[in-house]
Amino acid sequence: MRIQISSRTLQSDFVKKVTEISGQDLLACNQCGKCSAGCPMCFAMDLLPNQIIRLAQLGLEEDIAASKTVWLCASCLTCTVRCPRGVDLGRVMEAIRLITLRKNIDYVGAAKIPKDTISELPQIALVSSFRKHTA
Amino acid sequence: MKEKRIGVFVCHCGLNIAGTVDVEQVVEQIKDYPGVAHAEHYIYMCSDPGQELVRKAIKEKGLDGIIMSNCSPSLHQATFRKLAASEGVNPYFCEIANIREQCSWPHAGDKETATRKAVAIIKAIIEKLRRNISLTPLVVPLTKRVLVIGAGVAGMQAALDIADSGYEVVLVEQSPSIGGHTAQLSETFLTGDVIPGLVSPMMSKIASHPNISLYAYSELEDVSGYVGNFQVSIRRKATSVDESKCNYCGLCLESCPVKTASEFDRELAQRGAIYIPFLEALPQRPVIDRETCRHFGGDKCQACQEACPQNAIDFKQEDTIVEEEVGAIIVATGYELFPCTGIAEYASDPDVIDGLQFERLLSPSGPTSGEVRKPSDGKIPEQVVFLQCVGSRDPEHGVSYCSRVCCMYVAKHALLYKQAVPEGQAYVFYMDIRSDAKGYEEYVKKMVDEERVLYLRGRVSRIFRDGDKLKVWGSDTLTGKSIEIAADLVVLATAMVPNPGAKELARKLNIIVDQYGFITEAHIKLRPVETLTAGIYLAGTAQWPRDLPDTIASASGAASKILSLFSRRELLHEPTVAVVDPEVCRGCGQCVAICAFKAIELDPVKKVAWVNEAICDGCGACAVTCPSGAMQHRNWTARQFFEVIDIATAEYV
Ligand SMILES: Cc1cc2nc3c(=O)[nH]c(=O)nc-3n(C[C@H](O)[C@H](O)[C@H](O)COP(=O)(O)OP(=O)(O)OC[C@H]3O[C@@H](n4cnc5c(N)ncnc54)[C@H](O)[C@@H]3O)c2cc1C
Ligand code: SF4
Ligand code: SF4
Ligand code: SF4
Ligand code: SF4
């Protein structure tokens, strides 16, 4: 597959918003992969954290939206403390989540959670999930 | 003062000046200015016909001062001063009025302003020249001997180049042996030279060279003086062994009960408190390390003294200070490695080692006699992971620069490992491969093509112990997979950092180090082997990470600069320096504090400042600082400045 990139895609609203909300310079990342190497959630991710920031550098919002990665991110900030370039990737992940949630799209629907799961999960986990995954 | 007869020569510089400045107008407005005996313009003053015009005018009009109105003095001041001198005009009566960089270029397109400004600049310089006094360059004697600090490959190469050219060299090395880090290596990448074959001949040449005085186990205590005339004092640390008696039998070494980590073997082996750092060490003489020696720790131990048949052990020996005079200094203090523990997420573990430790494991004279064995249990490692850029290119946890050598030596490590353990697997985590010199790219490619080394493009984020394995968590950004490897040995290519003592040394030498502690060169592109302090040069990795070919090239570069300095009989120094009027000076010492070149002293008896003209750079900082006006800059006195300022600002007042 071949994708089109241009100055327009590179400076799309999406790129600007991610930059503004996260306060991070996306191009500071040199794709060393250290974030992905240490991420405790990477076993479940379809794209690695470094791939998410690369896609964001290129302005490929749809590819990011199609991936579960940002929702699986546990906000543990391991990537943030280890990044050699000082990129706070945890914030980038959060920014991407916020952009989706602000469109009023929930990632987790309370109604869709099976009863068994609800009774098994500790309250605090549910609260955190709603905070992070719902608009 | 007799009025000078001044000639003003206005250059067009093609259209560079004449395109913006109306040169005819300038000549018209200058020719009747007080003091001007001649004025003309020409297309290129620096050309042969241009210079001929100046000569002719000097002769015919009897000029004794000339003002060249053209480009910056950094370009042609020397040319025109030489011309003046050849016509019998004092060269310090030749001044440059810069009407190009300071006038025509910034005012391009505004001929009226530019012309007015060119006239003002020339008038200002006329006022300065009218008050110039005639000067001759200062003659400074030149001691044709060199001090080299640090005897790694850089220091040794520079010392040999200079000594072979017939000049004496004083070589100071802080550790007990010369050789530096290169002596610790197994073999070199690309050429596969074994280190004893490469460094040992160099070392023995140093030790036996009639022109080299070697002070090993010594440090620079103090320096004073200036280019051509440095006085240095060197502290020879007490070895506690009387050199004149010791016959190097080695009996003392075996007798010592102390076992401590060997610096040379990077803690992979032990040594006694009395020791010779390595087999081929030079000088081949034992030293007692007083930090670990039991005798100096307050114990009664004198095992080595009892063992020595020569009665050479001297516990009472003291440090001695030797004084030397030299004309130039080379700083070759080399590098150290960023510590393995510098990156917290990499386990501190006996089987996580750095590149120099791996060199010791590979070295036939090393702790494992060249067999690759795990430091923890001595077993042969079957899975070895090499990590590049540890601490390098990591401004958050280490240094932001690339250490330049590791990409290459990691390839060498992988190769030598495969040669030692053919059935083993080597993995290299890299960010990108920097193999930018002759044959380097082909060498690295060979590791993949022939040795089947697996290069993984990504960094490692965690190393932790899991039973008898080390788990390495990395990523392969090319597939987008997180990777786990169960390794037996992990080798970290840690960043090359400056020798930690370099900062203190730089302070003594009055030279500059950068934010990391590397010695700063005078100009990174044009003057790479000189420092900003005249007479002090630099070589090798004290300046920046580099491999052996680059180290040797820079050392020979520094040596050749010194040989060119020594090709003169004596040194000439600009006479346009600061002078004190002792009648006016009240000895406040503010000038002493401001001088970056340490050129000023306060006479303790007369309580007046005194400028060492040979050191003074003529920067003028002291002259503007002096509250009593006693300090003046020759040919840039306060009076001259005020005249110049008055003219330059006349339009605005
Ligand atoms: C693991 C590893 C493998 C390498 N392999 C290769 C290779 O295969 N091929 C290659 O070309 N390069 C290789 N290199 C690079 C090579 O080691 C350097 O290029 C070379 O050692 C630089 O020499 P130097 O003289 O500048 O510094 P050093 O070797 O560090 O020597 C500096 C000397 O100065 C002394 N000194 C320091 N401070 C003072 C002081 N204040 N007073 C007196 N003396 C002082 C030190 O004791 C030392 O003897 C390797 C480097 C590493 C880390
Ligand atoms: S660790 Fe930092 S620089 Fe490296 S890939 Fe991740 S975000 Fe980019
Ligand atoms: S903050 Fe998110 S992306 Fe970063 S390491 Fe933790 S889980 Fe992974
Ligand atoms: S035993 Fe004495 S003579 Fe022999 S090496 Fe030691 S100090 Fe020298
Ligand atoms: S030389 Fe290679 S391994 Fe060393 S810092 Fe530079 S890129 Fe990294």
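This structure is a prediction, so every number in the text was calculated from the model and none was measured.

Asker: Help me understand the overall build of chain A, please; the structure alone is not making it clear to me.
Answerer: From N to C terminus, chain A includes 10 helices and zero strands. Order of helices (α) and strands (β) in chain A, N terminus to C terminus: α-α-α-α-α-α-α-α-α-α. Relative to a compact globule of 135 residues, whose C-alpha radius of gyration would be 14 Å, chain A shows 16 Å and is just as compact. Along the three orthogonal principal directions, the C-alpha set of chain A runs to about 50 × 30 × 30 Å. In chain A, which comprises 135 residues, the proportion classed as buried is 46%.

Asker: Please explain helix H12 (residues 440-449) of chain B as it appears in this structure.
Answerer: Note: α-helices contain 3.6 residues per turn, so residues at a spacing of three or four share the same orientation. All names here are of chain B. For H12, the full list of buried residues reads Tyr-440, Tyr-443, Val-444 and Met-447. Viewed along the axis of H12, the buried residues span an arc of 95°, placing them on a single side of the element. Summarising the contacts, the buried residues of H12 are in contact with helix H11 (406-420), strand E21 (454-457) and helix H14 (548-566).

Asker: Any chance you could explain the packing of helix H5 (residues 111-130) of chain B against helix H17 (residues 638-649) of chain B here in plain terms?
Answerer: Helix-helix packing is described using two parameters, namely the angle between the two axes and the distance between the axes. All names here are of chain B. Where H5 meets H17, the axes come as close as 8 Å, and the angle between the chain directions of the two elements is 160°. Between H5 and H17, the crossing angle belongs to the class labelled roughly antiparallel. The hand of the H5/H17 crossing is right-handed. The residues of H17 that touch H5, namely those facing Ala-120, Lys-123, Ala-124, Glu-127 and Lys-128, are Gln-640, Glu-643, Val-644 and Ile-647. Its residues placed into classes, the contact of H5 with H17 shows four nonpolar, one polar and four charged.

Asker: Would you take a moment to explain the sheet that holds strand E25 (residues 489-494) of chain B for this structure?
Answerer: Note on sheets: strands pair through backbone hydrogen bonds, and any given pair is parallel or antiparallel. Residues and elements named next belong to chain B. What the five strands build is an open sheet, ordered E18-E25-E19-E20-E21; its pairing is parallel. Looking along the sheet, the strands with just one partner apiece sit at the ends: strand E18 (352-354) and E21. When the angles between neighbouring strand axes are averaged without regard to direction, this sheet yields 25°. Sheet analysis places strand E19 (residues 383-390) next to E25, joined by five bridges and oriented parallel. Each residue of the ladder has a partner; that of Val-384, found in E25, is Leu-489. Each of E19, strand E20 (425-430), E21 and E25 is contacted by H11, which is oriented at about 175° to E19, the strand it contacts most.

Asker: What's the story with the site of ligand 3 in this structure? I'm lost.
Answerer: With respect to spatial proximity, the complete set of residues near ligand 3 consists of A:Cys39, A:Pro40, A:Met41, A:Pro49, A:Cys73, A:Ala74, A:Ser75, A:Cys76, A:Leu77, A:Thr78, A:Cys79 and A:Met93. Split into classes, the residues belonging to the shell around ligand 3 amount to 10 nonpolar, two polar and no charged.

Asker: Would you explain the interface of chain B and chain A in this entry?
Answerer: Size of an interface: often given as the accessible area lost when the parts come together. Taken residue by residue, the interface counts 22 residues in chain B and 18 residues in chain A. In total, about 1500 Å² of surface goes out of reach between chain B and chain A, with carbon and sulfur atoms giving 51% of it. Area buried by chain B at its contact with chain A is led by B:Arg459, B:Ser461 and B:Ser482, which between them contribute 28% of it. The tally of links between chain B and chain A comes to one salt bridge. For B:Glu345, the salt bridge is made with A:Lys34, and the minimal N-O distance between the two is 2.8 Å. One can count nine residue pairs in polar contact (both at pLDDT 80 or more) joining chain B with chain A. Of all elements in the fold, only strand E22 (460-466), strand E23 (469-476) and strand E24 (481-487) of chain B reach the threshold of two or more residues within the side of chain B that touches chain A. Taken together, the residues of the side of chain B that touches chain A sort by class into six nonpolar, eight polar and eight charged.

Asker: Explanation requested: the site of ligand 2 in the structure shown.
Answerer: Surrounding ligand 2, one finds A:Cys29, A:Asn30, A:Gln31, A:Cys32, A:Gly33, A:Lys34, A:Cys35, A:Asn50, A:Cys83, A:Pro84 and A:Arg85. Here the shell around ligand 2 is composed, by residue class, of five nonpolar, four polar and two charged.

Asker: Help me understand the pattern of salt bridges, please; the structure alone is not making it clear to me.
Answerer: Opposite charge on two side chains allows them to pair when their charged atoms are near. Residues and elements named next belong to chain B. Summed over the entire model, instances satisfying the criterion amount to 47 salt bridges over all chains. A salt bridge links Arg-130 to Glu-127, with the nearest nitrogen and oxygen atoms 3.1 Å apart. Of this pair, Arg-130 and Glu-127 both sit in helix H5, three residues apart, which is roughly one turn of the helix. Residue class for Arg-130 comes out partly exposed when judged on its relative accessible area of 21%. On the basis of relative accessibility, which here comes to 5%, the residue Glu-127 falls in the buried class. Note that Asp-349 and Arg-465 form a salt bridge whose closest N and O atoms lie 2.8 Å from each other.

Asker: What am I meant to see in the domain arrangement of chain B here?
Answerer: Residues and elements named next belong to chain B. The domain boundaries assigned to chain B delineate domain 1 (6-135), domain 2 (145-231 + 322-334 + 501-566), domain 3 (238-318), domain 4 (337-497) and domain 5 (574-634). Between domain 1 and domain 5, the contact holds four residues from the first and four residues from the second. Together, the buried faces of domain 1 and domain 5 total about 300 Å²; carbon and sulfur atoms form 75% of this surface. When the buried area of domain 1 at its contact with domain 5 is split by residue, Tyr-92, Ile-133 and Leu-135 rank highest and sum to 93% of it. On the surface where domain 1 and domain 5 come into contact, there are zero salt bridges. Applying the counting rule to domain 1 against domain 5 returns one residue pair in polar contact (both at pLDDT 80 or more). Looking at the side of domain 1 that touches domain 5, its residues break down into three nonpolar, no polar and one charged.

Asker: Would you explain the nonpolar core in this entry?
Answerer: Buried together is how nonpolar side chains tend to be arranged in soluble globular proteins. Residues and elements named next belong to chain B. Counting 97 residues, the largest nonpolar core has Met-156, Ile-330, Phe-358, Phe-386 and Met-631 as the members making the most contacts within it. Here this core takes nine residues from H11, the largest share from any one element. Formed by 45 residues, the second largest nonpolar core is a distinct cluster that contains Ile-58, Ala-97, Ile-122 and Val-644.

Asker: Explanation requested: the packing of helix H4 (residues 49-58) of chain A against helix H8 (residues 89-101) of chain A in the structure shown.
Answerer: Residue and element names in this part refer to chain A. One can describe the packing of H4 onto H8 by two numbers: an axis separation of 11 Å at closest approach and a directional angle of 60°. In this structure, H4 meets H8 at a crossing whose hand is left-handed. Contacts between H4 and H8 involve Pro-49, Ile-52 and Ile-53 on the former and, on the latter, Leu-89, Met-93 and Ile-96. Its residues assigned to classes, the contact of H4 with H8 shows six nonpolar, no polar and no charged.

Asker: How should the confidence of the model for chain B be read in this particular structure?
Answerer: Reading predicted coordinates in detail is not appropriate for stretches of low pLDDT. Summary statistics for chain B give a mean pLDDT of 96 and a share of 100% for residues scoring 70 or more. Both scores are available for the predicted complex, with the pTM at 0.86 and the ipTM at 0.89.

What counts, and where the lines are drawn
- Residues numbered from 1 in each chain as written.
- Chains lettered and ligands numbered in written order.
- Predicted model: local features only at pLDDT ≥ 70, side-chain atom pairs only at ≥ 80, totals over all residues.
- Heavy atoms only, no water.
- Helix = DSSP H or I, 4+ residues; strand = E, 2+ residues; numbered from the N terminus.
- Rg over C-alpha atoms; globule rule 2.2 N^0.38 Å.
- Buried < 20%, exposed > 50% of the residue type's maximum accessible area, 1.4 Å probe, protein only.
- Arc of directions from axis to C-beta.
- Contact = heavy atoms within 4.5 Å.
- Axes fitted to C-alpha atoms, helices over the stretch in contact; angles between N-to-C directions.
- Parallel < 35°, antiparallel > 145°, perpendicular 65-115°, else oblique.
- Left-handed = near helix turned anticlockwise from the far one by under 90°.
- Nonpolar A, V, L, I, M, F, W, Y, C, P; charged D, E, K, R; others polar.
- Pairing = 2+ DSSP bridges.
- Near = heavy atom within 4 Å.
- Buried area = accessible area lost by both parts, 1.4 Å probe.
- Salt bridge = Lys/Arg side-chain N within 4 Å of Asp/Glu carboxyl O.
- Polar contact = N/O pair within 3.5 Å; in protein donor to acceptor, adjacent residues only side chain to side chain.
- Domains from an automatic or database assignment.
- Core = buried A, V, L, I, M, F, W, Y, C linked by side-chain atoms within 4.5 Å.
- pLDDT = per-residue confidence, 0-100.

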